[in-house]
Amino acid sequence: MKPEFIQQESPANGRLQQDALEVPEGNDTFLQGVKDCLPTLLGYLSIGFAAGVVEKTAGLSIAEIAMISIILYAGSAQFIAAGMIAAGSSASSIIITILLVNLRHLLLSAAISPYFRHLNPLRNLLIGSLLTDETFGVAIQKSASRKRISEKWMHGLNITAYLNWFLANIAGAFLGQWISSPEKWGLDFALPAMFIGLLVLTVMARRKYLLDITVGFIAVIVAVLVSILWSPSMGVIAAALIASTIGMVIEQWK
Amino acid sequence: MEIRLEIFFIILGAALVTFIPRVLPLMLLSRISIPDWGMRWLSFVPIAVMAALVAQELFVTDGRFTGLSTNVELIAALPSFWVAVKTRSLLGTVVTGILALMLLRLLF
């Protein structure tokens, strides 16, 4: 009798077992995603805060800052937008520059895609819409020991980072009303310092020091040369394409 | 507390061109498989992009090479790198960079 009973229940049972496999040790929950986001919160709070100050001093209203942090949600792009709006650049040149700088998301999104194969395109759209350098960095570290990343965990991570960013921008915007020049306070250095931190953390986590530092140096040289000889917005793209290709070829040889 | 029409369209356009590269690979590449060399290539991309962004911030101003002798950002980058390696803390790195540059601008 008993095996038959199990047989009858097998669809639900199978699903249960699969769920159990996807949730080992309660490690892949939404709440765990929130927790795994915590170590990055203060760093991005300070960067979001600096972005809010810079946006405010560039002449954006609080409502505009709320809008940009909610629907654009990209640190480097927001600093660039603020700078170019203050400089009186045309709408089309601002949008094209941001497109080029944010093309790197193509590569982040592609790099993380193998871990979300278990989701349909619509659910992948939701994962990708809040993907940032920060959440990518945390997720890639999480992926080191597994073949897939939990959807709930990723939403926990993404949404926490998103809310933190919005609040930091608004706080910076309010304080920006009393700061006339953010440069005086070194706040314009928040963005390069953030990239320095992310770069060092990524290299140290991968433990391929010689190879990664070589790739980094090549990227620096290409980025500077292309920026000066051609255009700064192409510099990042050219550096990414050339340096990554060289890194791949060197690793293949070894 | 208002949103100007031109700013509205700038933000909307910027958001759209940011959204598409974020979601497209996740939506498409989860359907097809990436070969080994492709994954190896992708693994270098974040490092190359971040190094390029740092280099641009430190060495390029308005499309020109920033002089080394007057480059306070470059000097401020050194303690930032050091703190990043020693503490592995993003916050520590950012705060160090901001404080270092603030002090340097105060002095020079």
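Residues numbered from 1 in each chain as written. Chains lettered and ligands numbered in written order. Predicted model: local features only at pLDDT ≥ 70, side-chain atom pairs only at ≥ 80, totals over all residues. Heavy atoms only, no water.

- In the nomenclature of an unreviewed UniProt entry, chain B corresponds to AzlD domain-containing protein from the organism Paenibacillus phytohabitans.

**Here we look at the overall build of chain B**
Here comes step 1: Looking only at helices and strands, chain B features 4 helices and 2 strands.
Here comes step 2: In chain B, the order of α-helices and β-strands from amino to carboxyl end is α-α-β-β-α-α.
Here comes step 3: Against the 2.2 N^0.38 benchmark of 13 Å for 108 residues, chain B shows a C-alpha radius of gyration of 19 Å, more extended than a compact globule.
Here comes step 4: With respect to the three principal axes, the spread of C-alpha positions in chain B is 55 × 45 × 30 Å.
Here comes step 5: A burial count over chain B gives 48% of its 108 residues as buried.
Here comes step 6: Taking all contacts inside chain B whose residues are at least 6 apart in sequence as the whole, residues at least 24 apart take part in 30%. (Helix = DSSP H or I, 4+ residues; strand = E, 2+ residues; numbered from the N terminus. Rg over C-alpha atoms; globule rule 2.2 N^0.38 Å. Buried < 20%, exposed > 50% of the residue type's maximum accessible area, 1.4 Å probe, protein only. Contact = heavy atoms within 4.5 Å.)

**Notes on the UniProt feature "transmembrane region" (unreviewed entry) in chain B**
Residue and element names in this part refer to chain B.
Here comes step 1: Summarizing the sequence annotation, UniProt attributes the feature "transmembrane region" (unreviewed entry) to residues 6-29, 41-59 and 89-107 in the numbering used throughout.
Here comes step 2: The span residues 6-29 shows a helical share of 100% and a strand share of 0%, and its end C-alpha atoms are spaced 35 Å apart.
Here comes step 3: For residues 41-59, helix accounts for 100% and strand for 0%, while the C-alpha atoms at its two ends are 26 Å apart. (UniProt positions renumbered as here; feature names shortened; annotations may be inferred.)

**Quick notes on helix α10 (residues 151-176) of chain A**
Here comes step 1: Helix length check: α10(A), at 26 residues, gives a terminal C-alpha distance of 37 Å against a target of 38 Å (1.5 Å per residue), a fit within 8%.
Here comes step 2: One side-chain oxygen at the N-terminal end of α10(A) lies 3.3 Å from the backbone nitrogen of Lys152(A); it belongs to Ser150(A). (Expected span 1.5 Å × (residues − 1). Polar contact = N/O pair within 3.5 Å; in protein donor to acceptor, adjacent residues only side chain to side chain.)

**Some thoughts on the interface of chain B and chain A**
Here comes step 1: With 73 residues of chain B at the contact, the number on the chain A side is 95 residues.
Here comes step 2: Summing the contributions of chain B and of chain A, the shared interface buries around 7,600 Å²; its carbon and sulfur component is 77%.
Here comes step 3: When the buried area of chain B at its contact with chain A is split by residue, Arg22(B), Leu26(B) and Phe44(B) rank highest and sum to 11% of it.
Here comes step 4: In this structure, the salt-bridge partner of Glu251(A) is Arg40(B), at a minimum N-O distance of 3.8 Å.
Here comes step 5: Of all elements in the fold, only α1 (5-29), α2 (36-59), β2 (64-65), α3 (72-87) and α4 (90-107) of chain B reach the threshold of two or more residues within the side of chain B that touches chain A.
Here comes step 6: At 22 residues, α2(B) tops the list of elements feeding residues into the side of chain B that touches chain A.
Here comes step 7: Class assignment of the residues belonging to the side of chain B that touches chain A gives a composition of 51 nonpolar, 11 polar and 11 charged. (Buried area = accessible area lost by both parts, 1.4 Å probe. Salt bridge = Lys/Arg side-chain N within 4 Å of Asp/Glu carboxyl O. Nonpolar A, V, L, I, M, F, W, Y, C, P; charged D, E, K, R; others polar.)

**With respect to the packing of aromatic side chains**
Here comes step 1: A complete count under the given rule lists 3 aromatic pairs over all chains for this structure.
Here comes step 2: Arranged with centres 6.1 Å apart and planes meeting at 5 degrees, the rings of Phe59(B) and Phe65(B) form a pair that is stacked.
Here comes step 3: Of the residues examined, Phe59(B) reaches a relative accessible area of 18% and is grouped as buried.
Here comes step 4: Its guanidinium or amino end placed over the ring of Phe44(B), Arg206(A) lies 5.2 Å from that ring's centre, counting from NZ or CZ. (Phe/Tyr/Trp six-rings, centres within 6.5 Å; stacked < 30°, edge-to-face > 60°. Lys NZ or Arg CZ within 6 Å of the ring centre and 35° of its normal.)

**Considering the layout of surface pockets**
Here comes step 1: In this structure, the largest pocket encloses a volume near 1,000 Å³.
Here comes step 2: Lining the largest pocket we find 29 residues, and of these Ile80(A), Gln56(B), Glu57(B), Val60(B) and Asp62(B) sit closest to its centre.
Here comes step 3: The set of elements that each furnish at least two residues to the lining of the largest pocket consists of α3 (30-57), α5 (75-86), α6 (91-102), α11 (190-206) and α13 (232-253) of chain A together with α2 and β1 (60-61) of chain B.
Here comes step 4: Across the lining of the largest pocket, the residue classes break down as 13 nonpolar, 10 polar and 6 charged.
Here comes step 5: Its volume calculated, the second largest pocket comes out at about 860 Å³.
Here comes step 6: Considering the residues around the second largest pocket, the lining is formed by 37 residues, among which Phe136(A), Gly137(A), Ile140(A), Gln141(A) and Thr202(A) are closest to the centre. (1 Å grid on protein atoms, 1.4 Å probe; cavity = no way out; pocket = protein on both sides within 12 Å on 5 of 7 lines; lining within 4 Å. Points joined across faces, edges and corners; volume = space filled by probe spheres on them.)

**Quick notes on the side chain of Glu151(A)**
All names here are of chain A.
Here comes step 1: Structurally, the position occupied by Glu-151 is in helix α10.
Here comes step 2: A distance of 3.4 Å separates polar atoms of two side chains, one belonging to Glu-151 and the other to Arg-123.
Here comes step 3: Dropping the residues within four chain positions of it, Glu-151 is found in contact with His-118, Leu-119, Arg-123 and Ile-127.

**What about helix α4 (residues 62-72) of chain A?**
The periodicity of an α-helix, 3.6 residues per turn, causes residues three or four positions apart to be oriented the same way.
Here comes step 1: Along α4(A), 9 of the 11 residues are buried, which leaves the element largely enclosed by surrounding structure.
Here comes step 2: All buried positions along α4(A) are accounted for by Ile62(A), Ala63(A), Glu64(A), Ile65(A), Ala66(A), Met67(A), Ile68(A), Ser69(A) and Leu72(A).
Here comes step 3: Packing partners of the buried residues in α4(A) comprise α3, α5 and α10 of chain A together with α1 of chain B.
Here comes step 4: Note on α4(A): the residue one or two positions beyond its end, Tyr73(A), has a positive phi of about 50 degrees.

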